[in-house]
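Descriptive analysis of the structure
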Amino acid sequence: MKRGITVLLSLSVLVTGAYFTISKWAIRHETITFYDPSRDNRPVAIDIAIRRDKEMQANAGMIKLPVAVLNHGNAVKNTEYSFLANAFAARGYLVLSPQHDLPTDPPMVTKVGELYVGRLPQILRGVANIHFAVGEMKKIQPSADYDKLTMVGHSMGGDISMYFAKQYPDEIKKVVTLDNLRVPFLTEGKFKILSFRSKDPQFKTDPDVIPNEEQRENAGITVVQTTFQHNDMRDTGPDEAKISIMSMLDKFLVNTDGEVAPVDTRIAPPPQILDPGPVTPYVPVAPIQN
């Protein structure tokens, strides 16, 4: 049993190493800042992650890229979830990670008794950022499917993702959240939902956010209970957490992507050298005279 666990861990390390290799050589990251004239030219920085080969195919009009919007947690940079951005980009997604918070924004204050404990203004700001960023990206990369978004988010970003999906279900293909605490899940079953939950005494999920088991089964919702802390679910978290999340995420995407082909992150075995058997010596043949 111990040997089997060791082998499994070794394979996980290899797969993670392959993802990191892919992110370094095959995935391009770029940050673009747009300015929203409808909100006093508010800057909305977008970190873009995309596979270089898929980008070339899209630019040539050969494919249409699926789009994932990755939403960060409160007071966290949009670039602190590169392991998730790379996981989606490796599968052929155009990944957009908007920066929702600015240093000039007022601090978020919890207000007990109010809807989403008073965080609706920040959620609405995030939704506006997403719609604005998607509209601007259509001008830069038109060969992408902006009509059906995969919404992803951690903590506050997960609440933004779930709220966006509740308000605009026809614009959603699937939702992935990591420990969203305030906005209840959509249970109409219009799209698949995957949610990772932490085991953290300091971050408690509000009542009625997570549906019961029967509702989850009927609505196509998968809830993964982890042993990780709330803040482990980003780049600064332990490798164990990131490996576990990527493994479950990959299974979810395999079952829901359909036509989107993943990058094979398995380590290929060395080629076998077969015994050719007896070798017949080469005897030159005289050319035929016409």
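See the structure above.
This is a predicted model, so every value here is computed, not measured.

Before going further, it helps to examine helix 3 (residues 82-90). Counting buried positions along helix 3 gives 8 out of 9 residues, so the element sits mostly inside the fold. Of all the positions in helix 3, only Phe83, Leu84, Ala85, Asn86, Ala87, Phe88, Ala89 and Ala90 are classed as buried. Looking one or two places after helix 3, you find Gly92, whose phi comes out positive at around 100 degrees.

Glancing now at the pattern of salt bridges. All chains considered together, the criterion is met by 15 salt bridges. Where Asp257 meets Arg91, a salt bridge forms, and the shortest distance between an N and an O atom there is 3.0 Å. Here the residue Asp257 occupies a position in helix 7 (residues 239-257), and Arg91 occupies one in the loop between helix 3 and strand 4 (94-98), the gap between them amounting to 166 residues. Classification of Arg91 as buried rests on a relative accessible area of 3%. Connected via shared salt-bridge partners are Arg42, Asp101, Asp105 and Arg125.

This brings us to the pairing of strand 3 (residues 65-71). Burial of strand 3 is extensive: 7 of the 7 residues sit out of reach of the surface. Burial of strand 3 is two-sided: the residues Leu65, Val67, Val69 and Asn71 facing one way and the residues Pro66, Ala68 and Leu70 facing the other way are all buried. By the bridge criterion, 7 bridges tie strand 3 to strand 5 (residues 144-154) in an arrangement that is parallel. Residue pairing for strand 5: Val67 is matched across the bridge by Leu149. Relative to strand 4, strand 3 runs parallel, the two sharing 3 bridges. Bridge pairing in strand 4 places Val69 opposite Leu96.

Rules used throughout
Residues numbered from 1 in each chain as written. Predicted model: local features only at pLDDT ≥ 70, side-chain atom pairs only at ≥ 80, totals over all residues. Heavy atoms only, no water. Buried < 20%, exposed > 50% of the residue type's maximum accessible area, 1.4 Å probe, protein only. Helix = DSSP H or I, 4+ residues; strand = E, 2+ residues; numbered from the N terminus. Salt bridge = Lys/Arg side-chain N within 4 Å of Asp/Glu carboxyl O. Pairing = 2+ DSSP bridges.

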